[in-house]
Amino acid sequence: MANRIPRVPVREQDPKVRAHNFEEVSYGYNKEEAMLEASRCLHCKNPLCVTGCPVNINIPDFIAEVLAGNFDAAAGVIAHDSSLPAVCGRVCPQETQCEGKCILGVKGEPVAIGKLERFVADWQHGVPGTGAVAPAASRAVVAPANGHKVAVIGSGPAGLACASDLAKWGYEVHVFEALHKAGGVLAYGIPEFRLPKDDVLQKEIDEVTALGVKIETDVVVGRTALIDSLLDDEGYEAVFVGTGAGLPRFMGIPGENLNGVFSANEFLTRNNLMKAFRSDYRTPIHAGVKCCVVGGGNVAMDAARTALRLGAETTIVYRRGESELPARKEEVHHAKEEGIRFELLTNPVEIIGDENGCVEGMKCIRMELGEPDASGRRSPVEIPGSEFMVECDTVIMSLGTSPNPLIAQTRPGLERSKRGGLVADEAGATTRPGIFAGGDAVTGAATVILAMGAGRRAAAAIDEYIKGR
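Quick caveat, the model's predicted, so the values are computed rather than measured.

Reading guide: rules and limits
Residues numbered from 1 in each chain as written. Predicted model: local features only at pLDDT ≥ 70, side-chain atom pairs only at ≥ 80, totals over all residues. Heavy atoms only, no water. Helix = DSSP H or I, 4+ residues; strand = E, 2+ residues; numbered from the N terminus. Rg over C-alpha atoms; globule rule 2.2 N^0.38 Å. Buried < 20%, exposed > 50% of the residue type's maximum accessible area, 1.4 Å probe, protein only. Contact = heavy atoms within 4.5 Å. Lys, Arg positive; Asp, Glu negative; His and termini not counted. Charge placed at Lys NZ, Arg CZ, Asp CG, Glu CD. Arc of directions from axis to C-beta. Polar contact = N/O pair within 3.5 Å; in protein donor to acceptor, adjacent residues only side chain to side chain.

Student: Would you explain the overall build of the chain in this entry?
Tutor: A count of helices and strands for the chain gives 17 helices and 16 strands. The C-alpha atoms of the chain give 23 Å as radius of gyration, which agrees with the globular expectation for 469 residues (23 Å, within 12%). C-alpha atoms of the chain, sized along the principal axes, occupy 65 × 60 × 50 Å. Each of the 469 residues in the chain was classed as buried or not, and the buried ones make up 55%. The contacts of the chain with a sequence gap of at least 6 include a subset with a gap of at least 24, amounting to 68%. Computed over 49 positive and 61 negative side-chain charges, the separation of the two mean positions in the chain equals 3 Å.

Have a look at this one:
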């Protein structure tokens, strides 16, 4: 029976080798492995995996096509609901979403839905190793032009998802991106060894532009252009704000202004978007000899694993225990395999500098877990008298991010929440008619797939709004 077949493992680079390069860790499935894994699917009458997917991909149907060897048809099923399958197959937390709902996971291992999604996308893009001969044509169906224009601010996952759906429905869509490359957090925040930029991300963005979406970079809406001018002067009937959450947070402890202290955002942007890891780029970056990364989320893992590859002995400092780490288990596992140390139940209280104002250590205190906080996790409590020193010359703060306030500051009438995000309803409608928002710009930092789901809901709301005018 299908459910007796063990989950097909994914081949990966040897940890001792990959710790010194920026090549992708996972090799993904080849076609034989993908078809074998697809044979495990039970094709449930009530597929809970679909309800667990924030963009509601028809998972049983695309897996059935994989099992039959119809990989182009599988790509067509996915394309109906997702514009970024190669990205999502690599970075989405499937274990808590689609795979978390898989019936096989109740008593065993769920179907590797994410790995199959990645395989299908890589097959379509002609990625070596999948068995594909050449890239396939786009499978998305585009309706005739309807004569309506929509502006999208931000080319991250929320913006790309919103733009894709609107373009499929016949809208003329123009995306404005503040940075010099499209992709948002996908381009600046996720390392090459998890998401290759040229071979994967750019190909997905090319699929979006193939729908007719125009992407203009180096446009800072709120400075070089205003939302009001887009709506009043340039003929756009609605605007979607998907500007993400790029404003870093710090602890507010002594020493955070020392040389050698960075936000994870800056550190990863220099490395990912500005290619500091490549010898043919002159982008400066400082990983140091001994690096401490403060935080326990996926961004902390990305920063730590990047610093390790740049030559630093790297330690993750986190105030809770291992079971409370918010990062994906896969990322924690990979970090440990590569030799990153974990200093758990530990919190910094001061960063120590030398006479030149450079980091030379970090004073920490041991923690224990007390009562649950508002999130349901047990709150960390300091253990008096347990202070100790950690030797380091670089500290990377990975404590989360907040939405950039620029859009709200330059467009009166847009209400902001206490967390700094734009106030929007479930459909993405803000407090100003014609302006919609979604993803991290509303919720604060979350996952790629949740941002895509918000972008899709907003696209549907924009469609309804324009048709109702």
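We are not done yet, so read on.
Student: For this particular structure, what's the right way to read helix α2 (residues 31-38)?
Tutor: Residues spaced three or four apart along an α-helix point in a common direction, a consequence of the helix completing one turn every 3.6 residues. Where α2 is concerned, the buried positions are E33, A34, E37 and A38. For α2, the buried positions fall inside an angular range of 135° around the axis, keeping them on one side. Considering only its buried residues, α2 is in contact with α4 (59-67) and α7 (113-124). Where α2 begins, the side chain of N30 points an oxygen toward the backbone nitrogen of E32, at a separation of 3.2 Å.

Student: Hey, could you run me through unusual backbone geometry in this one?
Tutor: Peptide bonds are trans in most cases, and residues, glycine excluded, mostly fall at negative phi. In this model, K275 sits at a positive phi of 55°, which is unusual for a non-glycine residue. Inspection of the secondary structure puts K275 in the loop between α12 (264-272) and β7 (290-294). Looking at K275, the relative accessible area reads 11%, which means it is buried. For L345, which is not glycine, the phi torsion reads 50° and is therefore positive.

All quantities given are derived from atomic positions and should not be read as evidence of function.
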